[in-house]
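What the coordinates show
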Amino acid sequence: MISSTAIAHLKEKLGDANVLHEKEDLLTLGYDSTPGVHHLPEVVVYPTTTEEVIAAMEIAEREGLPLTPRGSGTGLSGGSVPVKGGMVLCLTRMNRILEIDEENLTATAEAGVITLDLFNAVAAKGLFYPPDPGSQKISTLGGNVAENAGGLRGLKYGVTRDYVMALKGVLADRSLIATGGKSVKDVAGYGFKDLLVGSEGTLGIVTEITVKLIPPPQDKRTILAYFNDVRTAGEAVSRIIAAKIIPSTMEIMDRAVINCVEDYVKIGLPRQMAALLLIEVDGHPAPVAEEAAGVQKILEQVKAAEIHVARDAEHAASLAAARRTALSALARMSPTTLLEDATVPRSRLAETFSEIERLTEKYRLKVGTFGHAGDGNLHPTVLCDERDHEEMERAHAFYNELYEQVLAWGGTVSGEHGIGLAKKEYLARQIGPGGVQVMKRIKQVFDPQGILNPGKIFDEGDPCTQVHVEEGFRVSH
Amino acid sequence: MSRTEPLGNFTAEDAPHYDDVVQCMRCGFCLPTCPTYALTGRERSSPRGRVALARAVAEKKLEFTPAIKEEAFFCLDCRACTTACPSGVRAGEVMEMCRSQAHAFYPLGKMGKAFREFILQKMVPSPKMMETSMLPTRLYQRLGIQWLVRHLKVLKLGPEWMNKAEGMLPELEKPLRPQLPDIVAARGEKRGRVGFFLGCVMTLMYPNVSRNTVRVLTHQGFDVVTPKDTKCCGAPHLSEGDRETARQLALFNLDLFLAQDVDYIVTDCAGCGAALKEYEELLAERAEHEKLSRFREKIRDISEFLVEVGLRTEGLQEVRARVTYHEPCHLCHAQGISAQPRQLIRQIPGVELREMQEASWCCGSAATWGLKFSQDSQKVLDRKLDNVKASGADILITANPGCHLQLAWGVRQAGMPQDVLHLMELLGRALPPD
């Protein structure tokens, strides 16, 4: 247990309101959006400056506490769950946008800035920050960097890593690191910045982020297509890409998802359809018109059941907003929603849908599938009840077999959610023992004591000597 | 949502359903909509955090600790999280249950209990007692604020609530209930017959609003039947965690209104409307399903009703005004009525609707919350008033007496020029003279 002296020191350095250690607070800061993982920290701190991050780390070291950085806790692989207890460093109160540099087209912000707040702030200056994870309304930029978050626009615009130009942060030994800069080109030495992006807080605590901005697209067209079977939708996606059209968004939802989303948003989605594709093309007006026509032509060729063009920007926005609710809306159907993040080369999309259908039947499960079809990133979601152990076993067998196939096709076990706690096994399968060994060695160099977010990405020998504070505790009043 | 078997560490009576707390998949979509999370930045003061606490109690990982009681009462019950939740979790209702649980776990002392019972079980349910106790400046004390202050020690109260409570009281006229005829006849071509659910706060503090509601209804061609025996809808009891008294009141009102020969039951109080629409759930085990669904089918908020039947605009006079609309939580979040009030405002000739930012963000009134947490309430109110200011409107429209009290007080304190009106008062101004 953390000592009361340490608590007092933390309060002295960070202020009373920025140190939480009551059991009710610990209980609500030991989860993210990943089902089934929940562990209690011993203390949670909210630094407001880099100096306070360092001060907190110093006290954590004295107490022998591992550190887990956290943003808003919207992660989907357990990255911010303090699986070894210790101290949670919650960065949500470091939430200043420090600069929007219109000459260099960059923005610099603290790690706790909400993704959508940054988007809006740069949009007000006529600029565009494309990464838009489903949870952008509440996710933090620091969290996006840690997990290398994707989003709906990933197909054309890429993911968080593609926009990170510079990072500042604190390493395990409490030295400061600054990597990258505003130079568009930078090939000086190893790419630390790229190593830190997606490292899930295991290599350092990122406190400040500089991102690249681009001019916003001048025009946009949104097309909605319905299909009588999912494979046809998958085929449409592959053919659009093969026709050398890169939409900014190409999202898919199957019938289960359509119905859950419609239950929530009530915007008249067709409940009887097997699948829908939400396609957005953007850019300069002339190519947008051309591409939209191209997309429509392909949709007709593959015999989409219905093709609609969004009436106006508002209608288009409501469709995209509806898609963003897909995962949470699916939670209406069952107590537990197990979500995966399988990603395949795009040419394999139709086959992947067939495989999901086959496995759904084989394991007698209820599965809703949605995702970023355009980049081959699917979220097959098993709707189950964690209290039913037999069903949970079937769900795991389902994912096991699916991932085997996904990897055989040259896909990946995580397109955008990260590995965290939930996918360590799958990662080991994907990159092999050699790959895991290299990752461990990199970790060793950055964090020889293993204090930064232990237990994530791969299983360690057990560098952690700390007491494992688990869920399942009892407290009385 | 009520149950009678014990769930985890909850007591048997009125515990949340396990399914309702497990439903939360912790996506966090509720966080940016929660006024208390915006105030504290503390996860346990967010809907996701509160549901997680309730779940921990249900799973016997946590006792029902004082902190849970604190969070149950710190929740505004504004239901903004219900609107935001794609998974259909109703954190506000779970917290209402926890308020009820709080009374079981932390019973009041003898005096406190007697006082609470007097207020909630004797006084509020009796329209007559409410009216005869109407020495205006003492109303709030009699409604139990003093008791709340003295007995809910967990709420860190300053002395400022008393000034605020007194300062909030509008200039009081005679209560409307005894003045209003049992039936007021439709004017023009008759379109139907509605029962009017006249709420306690409306008759006592805003008689002029409800007088206008009746004028509007008759002008629209409806006979208006106002049963004199109507009792409190039960909302204050649900809010304070006295579900049993709420059920008794609900049962009474249910029978009273079903006995009337009316096509609809209409209210101009968003808080009452939300409570009346929840009778079906509240009384699920206490009244016949058929009766409950018949009652539920008839309940309408006034703006919902007028849009549904179609506002007759012929003869409406011009009202030259720039107005902005504040959405009461119990209208937009609890009842999902958001477009209708705006549509009515736009139908009044001469009125310009200027949308404010965050129109559906709570004003910080929230029943007695604004008095219990007066400093927090001021912060929530300031945010609202800034948005009102930026709208450039001359009139601030709302549709619920709690918001009305808070906003009128806030505007006055801030020295702002806006008039605060109920939507029915605005519509009343457009009616031809009687």
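Residues numbered from 1 in each chain as written. Chains lettered and ligands numbered in written order. Predicted model: local features only at pLDDT ≥ 70, side-chain atom pairs only at ≥ 80, totals over all residues. Heavy atoms only, no water.

Digging into the UniProt feature "domain: FAD-binding PCMH-type" (unreviewed entry) in chain A
Our working rule: UniProt positions are given in the numbering used here, feature names are shortened, and annotations may be inferred rather than shown by experiment. To qualify as a helix, a DSSP run of H or I must reach at least 4 residues; to qualify as a strand, a run of E must reach at least 2; elements of each kind are numbered from the N terminus.
Taken from the UniProt record, the annotation "domain: FAD-binding PCMH-type" (unreviewed entry) applies to residues 37-216 of chain A. With 22% helix and 23% strand, residues 37-216 of chain A has its two end C-alpha atoms placed 39 Å apart.

A few points about the sheet that holds strand β5 (residues 97-101) of chain A
Working definition: the strands of a sheet are paired by backbone hydrogen bonds and lie parallel or antiparallel to each other. Residues and elements named next belong to chain A. Just so we agree on the cut-off: Any two strands are treated as partners once DSSP identifies two or more bridges connecting them. Axis angles are defined between N-to-C directions and span 0 to 180 degrees, where every axis is a line fitted to C-alpha atoms and, for a helix, only to the segment in contact. Contacts: residue pairs with any heavy atoms within 4.5 Å of one another.
Read from one edge to the other, the open sheet built from five strands follows the order β5-β6-β9-β7-β8, with strand pairing classed as antiparallel. Two strands lie at the open edges of the sheet, namely β5 and β8 (176-180), each paired on one side alone. The average angle at which neighbouring strand axes cross in this sheet is 10°, direction not considered. Direction of pairing for strand β6 (residues 106-110) relative to strand β9 (residues 205-212): antiparallel, over a ladder of five bridges. Each bridged residue has a counterpart across the sheet, and for Ala109 the counterpart in β9 is Ile209. Against the sheet, helix α4 (residues 115-123) touches β5, β6 and β9, its axis set at about 35° to β5.

Describing the side chain of Asp223 of chain B
Residues and elements named next belong to chain B. Applied cut-off: Polar contact is the term for a pair of N or O atoms within 3.5 Å; when the atoms are in protein, one must be able to donate a hydrogen and the other to accept it, and sequence-neighboring residues count only if both atoms are side-chain atoms.
On the secondary structure map, Asp223 appears in strand β3 (residues 222-225). A distance of 2.7 Å separates a polar side-chain atom of Asp223 from the backbone nitrogen of Ala186. The residues touching Asp223, leaving out its near neighbours within four places in the chain, are Val184, Ala185, Ala186, Lys190, Gly192, Arg193 and Val194.

Looking at the nonpolar core
Put simply, the rule reads: What we call a nonpolar core is a set of buried Ala, Val, Leu, Ile, Met, Phe, Trp, Tyr and Cys residues that are connected through their side-chain atoms within 4.5 Å. Residue burial is assigned from relative accessible area. The probe radius is 1.4 Å, only protein chains are included, and a residue is buried under 20% of its type maximum, exposed over 50%, and partly exposed in between.
With 91 residues, the main nonpolar core has Phe295, Leu306, Val323, Ile345, Ile397, Met424 and Leu426 of chain B as its most contacted residues. The element contributing the most residues to this core is helix α15 (residues 243-258) of chain B, with seven residues. Contact partners of Ile397 of chain B, with chain neighbours within four places excluded, come to Val323, Thr324, Tyr325, His326, Ile345, Leu421, His422, Leu423 and Leu426 of chain B. With 53 residues, the next largest nonpolar core counts Val237, Ile245, Ala304 and Ile419 of chain A among its residues.

Topic: the pairing of β5 of chain A
Residues and elements named next belong to chain A. Judged from the four bridges that link them, β5 and β6 form a sheet pairing that is antiparallel. For Ile100, the partnering residue across the bridge sits in β6 and is Ala107. Linkage of β5 to β6, two consecutive antiparallel strands, is achieved through a turn of four residues, within which Leu105 is found at a positive phi near 55°.

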